[in-house]
Each structure stands twice: as structure tokens, then as C-alpha cells.
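Residues per chain are reported as follows:
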Amino acid sequence: MGDYIFGRLADWTKNFKIVGDVRGLGLMIGIEIVRDQRTKEKAADLRNAIVDLAFHKGPAGARCSRRNTIRLSPPLLIDQEQADFAVATLEDCFREAEKNA
């Protein structure tokens, strides 16, 4: 499931101008939030907005780690339907945060 989720997130640096990097191993995945992809300027305020949106929309696996990184660490027994819901919901949160940035 880690490979599956990572595969769904792999293009996010192309799809979202606020995503600087997607990295991880297994089910521990980090999404770096930046103000500018070229300079990699950290965007903690955007990270906070995304985490707040995710909290209200459902995926409890989105947590803060570094100042500008969202860490995904879903349960080891997550199934594909749950993973799809979490990724789709996070996509909505990223779109909304990017629009409001």
C-alpha cells in the first residue's frame, strides 16, 4: 500500500506549485510544502492550513513533522479504498490551500 499511495502522490510536484518534494518509504510519506518550488522557501502557514482542512474533511493520517512538511502515516492495515479516499481528500485540501495562497 505504501507503493500505491506513493504512486498516487508522485506527480504532486507537477500538479501543485506549493509541493516542493514527495518522499518516503513504505507508509511513511512526507510532502514538503513550499512557497516557491525553485527556491524551496518553506511555507509553514500553508502546511498548517492543509492540515486543518484535512482534519475537518477526514484523513486522520495527516500530521505535521517539520515546519513545512506533512507526514502521512496511515495504519498498516489500510486498504485501497481508504487510501483512495485519503489521497482524494488531501488533493482537495491542497487545491483549496493553493487557491487561497
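Residues numbered from 1 in each chain as written. Predicted model: local features only at pLDDT ≥ 70, side-chain atom pairs only at ≥ 80, totals over all residues. Heavy atoms only, no water.

## A few points about the environment of T39
Thinking step 1. Tracing the backbone through its elements, the reader meets T39 in the loop between β2 (28–36) and β3 (41–42).
Thinking step 2. For T39, a relative accessible area of 43% gives the class partly exposed.
Thinking step 3. Along the sequence, T39 and G20 sit 19 residues apart, while their C-alpha atoms lie 9.2 Å from each other. (Helix = DSSP H or I, 4+ residues; strand = E, 2+ residues; numbered from the N terminus. Buried < 20%, exposed > 50% of the residue type's maximum accessible area, 1.4 Å probe, protein only.)

## Focus on the packing of aromatic side chains
Thinking step 1. The tally for this structure, following the rule as stated, stands at three aromatic pairs.
Thinking step 2. Here the aromatic rings of W12 and F16 are separated by 5.2 Å at their centres, their planes lie at 70°, and the arrangement is edge-to-face.
Thinking step 3. Residue W12 is classed as buried on the basis of its relative accessible area of 0%.
Thinking step 4. On the numbers, 5.5 Å between centres and 50° between planes, the contact of F16 with F94 is tilted. One end of the pair, F16, is in the loop between α2 (12–15) and β1 (19–25); the other, F94, is in helix α4 (residues 80–100), with 78 residues separating them in the sequence. In this pair, the class of F16 matches that of F94, namely buried. (Phe/Tyr/Trp six-rings, centres within 6.5 Å; stacked < 30°, edge-to-face > 60°.)

## A few points about the pattern of salt bridges
Thinking step 1. Counted according to the given criterion, the structure contains nine salt bridges.
Thinking step 2. Residues K14 and D11 are paired through a salt bridge, measuring 4.0 Å at the closest nitrogen-oxygen approach.
Thinking step 3. Judged by its relative accessible area of 69%, K14 is exposed.
Thinking step 4. The partner of K57 in a salt bridge is E96, and the shortest N-O contact between them spans 3.5 Å. Within this pair, whereas K57 is found in helix α3 (residues 44–57), its partner E96 is found in helix α4, the two being separated by 39 residues in sequence. (Salt bridge = Lys/Arg side-chain N within 4 Å of Asp/Glu carboxyl O.)

## Description of the pairing of β1
In summary, the side chains of a regular strand alternate between the two faces of the sheet.
Thinking step 1. Pairing of β1 with β2 involves six bridges; the strand directions are antiparallel. Along β2, the bridge assignment pairs V19 with I33.
Thinking step 2. Taken together, β1 and the strand that follows it, β2, pair antiparallel across an intervening segment of two residues, in which G26 is found at a positive phi of about 65°. (Pairing = 2+ DSSP bridges.)

## Considering the environment of A10
Thinking step 1. Along the chain, the position of A10 falls in the loop between α1 (2–9) and α2.
Thinking step 2. Overall, the relative accessible area of 38% leaves A10 in the partly exposed class.
Thinking step 3. Measuring from C-alpha to C-alpha, the distance between A10 and D36 comes to 18 Å, with 26 residues separating the pair along the chain.

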